[in-house]
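# Close look at the chain arrangement
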Amino acid sequence: MTSYKHLLCEENLIGGGWVGADNGSKITVTDPATGKTIGHVPNCGRAETNRAIAAAASAFDSFGRSDLSQRVKLLQALHDALMDNQEALAQLLTAEQGKPLFEARGEIAIGAAYIRWFAEEIRRAKGEIVPAPTGDRRLFVTRHPVGVVAAITPWNFPSSMLARKLGPALAAGCTVVAKPATNTPYSGLAWGKLTEEVGYPAGVINILTGSARDIGGALMDSPHVRKVTFTGSTEVGKTLIRQSADTVKKVSMELGGNAPFIVFDDADLDAAIEGAMIAKYRNMGQTCVCTNRFYVQAGIHDAFVEKLRAATTDLQVGAGTEPGTMQGPLINEAAVAKVEELISDALSKGGNVVEGGQRHALGGTYFQPTVVTGATADMSFATEEIFGPLSAVFRFETEEEAISAANATEFGLAAYAYTRDLARIFRLNEGLQYGLIGINAGLITTVEAPFGGLKQSGMGKEGGSQGLDDYLESKYMCVAGL
């Protein structure tokens, strides 16, 4: 097994130096598969954050005007460093987060792909010359880095979520103060080590661990922070949006989801099951684009349920580093309690557990992959995000009924549908109120396409050509007297 010890950073990166918290306090980080302590990271607050912001602001004076070729070269070197250390980074990620090792390797790879994408895409971030109303003027629109960026990332994808934010920020010439989640800080801190090794100047990337309230408060209060990018819960996202008003920051928010997965009678049933397993059980159901609600048309419902139950039974549960593991532990006890609460609510309202439904015999935060049938709109998981290995299956009759039910949520991040009816595919694109739609596919995230939701699932996009927009400002300049 490859060791990740050389990437295990137990200090924070501020202004090019690795430091602890001012008061010496630390946060214990544990392996959810074993409950054992991995190590400790600084428990920083406002004072350390303000120093990081100052360092980023100072570094922006030069990095914001750096040569495009130099920024591209650094990003390409960072991509290579990530892939050179893919196995060690994956081992580190699995240790602190719990997901199976094959998924962790994939996360490192797509994070590196985002870095490479933005190294390429920044070359196409063009301005324009606008036709002037009179011949003695020329009108120019130019694009410039927004400034210091605050990046707040979640525990479920602690490496790739940072890639989505660091990639466009560094490509544009912004400097960054990043705060990884305290459950999974090491994957974020490892990025600091690698950016330092490939030659990023001091202060361009700063990474802090500690109090979300104190660090987030300092970031939101600072007039030097011009953009905030956040991935996490809708509740926290709303708070950050409110806090951004006082200093009029640009914000991009990737928030909660409640993804429907619609299976029509004409679907390829085996393909739908294959997509369902990916869309539901990836990272033990702990992703914002995971299926929350399966809507299955009456004519195919029973056959789908039986195949889903059988496929769920076959999922191997264990530590993420064990060969063959397909489902690791949930992140913590609160996550297990949430799944138990949703199952209990469903059973009290007429639902049926046809597979799983209990804590796993392995103990700790392991939970049996679960299938509940007879789901109805009054059950909690119809409107609440599950974030666990629980498949809730609803029966429907008509296309209109399915679309209406799918949209009956405050969220609008991802939706999936399986059908072979070409006309229906276009109706689904028009009717589903979601920022990401997968037709006959259960895994649709890719660096080339924009990732982001509608309604209360957020604002702004990550990835694709659109992923640069929030990190650039547009200026209009009129040159007269010609």
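Scroll up to find the structure.
Residues numbered from 1 in each chain as written. Predicted model: local features only at pLDDT ≥ 70, side-chain atom pairs only at ≥ 80, totals over all residues. Heavy atoms only, no water.

Taking 1.5 Å of rise per residue, the 16 residues of helix 11 (residues 333–348) would be expected to cover 22 Å, and the 23 Å separating its terminal C-alpha atoms lies within 8% of that figure. Along helix 11, the residues classified as buried are Ala-335, Val-336, Val-339, Leu-342, Ile-343, Asp-345 and Ala-346. Residues of helix 11 that are buried in the fold lie against strand 14 (352–355), strand 15 (370–373) and strand 16 (390–396). Two residues or fewer past helix 11, Gly-350 is found with a positive phi of approximately 100°. (Helix = DSSP H or I, 4+ residues; strand = E, 2+ residues; numbered from the N terminus. Expected span 1.5 Å × (residues − 1). Buried < 20%, exposed > 50% of the residue type's maximum accessible area, 1.4 Å probe, protein only. Contact = heavy atoms within 4.5 Å.)

A side chain with one charge can pair with a side chain of the opposite charge if their charged atoms come near. Enumeration over the complete set of coordinates arrives at 21 salt bridges. Between Arg-105 and Glu-87 there is a salt bridge, with its nearest N and O atoms 2.7 Å apart. Remark: Glu-87 occurs in helix 3 (residues 86–97) and Arg-105 occurs in helix 4 (residues 101–121); sequence separation between them is 18 residues. Note that Arg-309 is salt-bridged to Glu-355, the shortest N-O span being 3.7 Å. Here Arg-309 is found in helix 10 (residues 298–313), whereas its partner Glu-355 is found in strand 14, with 46 residues between them in sequence. Taking the relative accessible area as the measure of exposure, Arg-309 reaches 24% and is therefore partly exposed. (Salt bridge = Lys/Arg side-chain N within 4 Å of Asp/Glu carboxyl O.)

On to the packing of aromatic side chains, then. Under the counting rule described, the total for this entry stands at 9 aromatic pairs. Centre to centre, the rings of Phe-261 and Phe-294 are 5.1 Å apart; their planes meet at 55°, and the pair counts as tilted. One end of the pair, Phe-261, is in strand 12 (residues 259–263); the other, Phe-294, is in strand 13 (residues 291–297), and 33 residues separate them in sequence. We classify Phe-261 as buried; its relative accessible area is 0%. Overall, the relative accessible area of 0% leaves Phe-294 in the buried class. Aromatic side chains Phe-261 and Tyr-418 sit 5.2 Å apart centroid to centroid with 20° between the ring planes, which places their arrangement in the stacked category. Of this pair, Phe-261 sits in strand 12 while Tyr-418 sits in strand 18 (residues 414–418), and the two are 157 residues apart along the sequence. On the basis of relative accessibility, which here comes to 3%, the residue Tyr-418 falls in the buried class. In textbook terms, an aromatic cluster arises when at least three aromatic residues are bridged by ring pairs, as seen for Phe-261, Phe-294, Phe-304, Tyr-416 and Tyr-418. Sitting above the plane of the Phe-451 ring, Arg-164 keeps its charged end 3.9 Å from the centroid. (Phe/Tyr/Trp six-rings, centres within 6.5 Å; stacked < 30°, edge-to-face > 60°. Lys NZ or Arg CZ within 6 Å of the ring centre and 35° of its normal.)

Within the largest apolar cluster, 59 residues are counted, with the highest numbers of intra-cluster contacts made by Leu-82, Leu-170, Tyr-186, Trp-191 and Tyr-200. At 10 residues, the largest contribution of residues to this core is made by helix 4. Counting 33 residues, the second largest nonpolar core, distinct from the first, contains Phe-367, Val-372, Leu-390 and Leu-428. (Core = buried A, V, L, I, M, F, W, Y, C linked by side-chain atoms within 4.5 Å.)

Time to look at the sheet that holds strand 6 (residues 138–145). In spatial order, the strands read 5-6-22; together these 3 strands make up an open sheet with antiparallel pairing. At either end of the open sheet lies a strand with only one pairing partner, and these are strand 5 (128–130) and strand 22 (472–479). Across the sheet, the mean angle separating the axes of adjacent strands is 25° when strand polarity is ignored. Where strand 5 lies against strand 6, 3 bridges are found, and the strand directions are antiparallel. In the sheet register, Glu-128 faces strand 6, and the bridge partner there is Val-141. (Pairing = 2+ DSSP bridges. Axes fitted to C-alpha atoms, helices over the stretch in contact; angles between N-to-C directions.)

Moving on: the sheet that holds strand 16. Pairing is mixed across the open sheet formed by 7 strands, whose spatial order is 14-15-16-13-12-18-19. One side of each edge strand has no neighbouring strand; the edge strands of this open sheet are strand 14 and strand 19 (436–439). Neighbouring strand axes in the sheet, compared pairwise and without regard to direction, differ in orientation by 25° on average. Bridge count between strand 18 and strand 19: 4 bridges; the pairing is parallel. Looking at strand 19, one finds that Tyr-416 is bridged to Gly-438. Here helix 9 (residues 269–281) sits on the sheet in contact with strand 12, strand 13, strand 15, strand 16 and strand 18, set at roughly 170° to strand 12.

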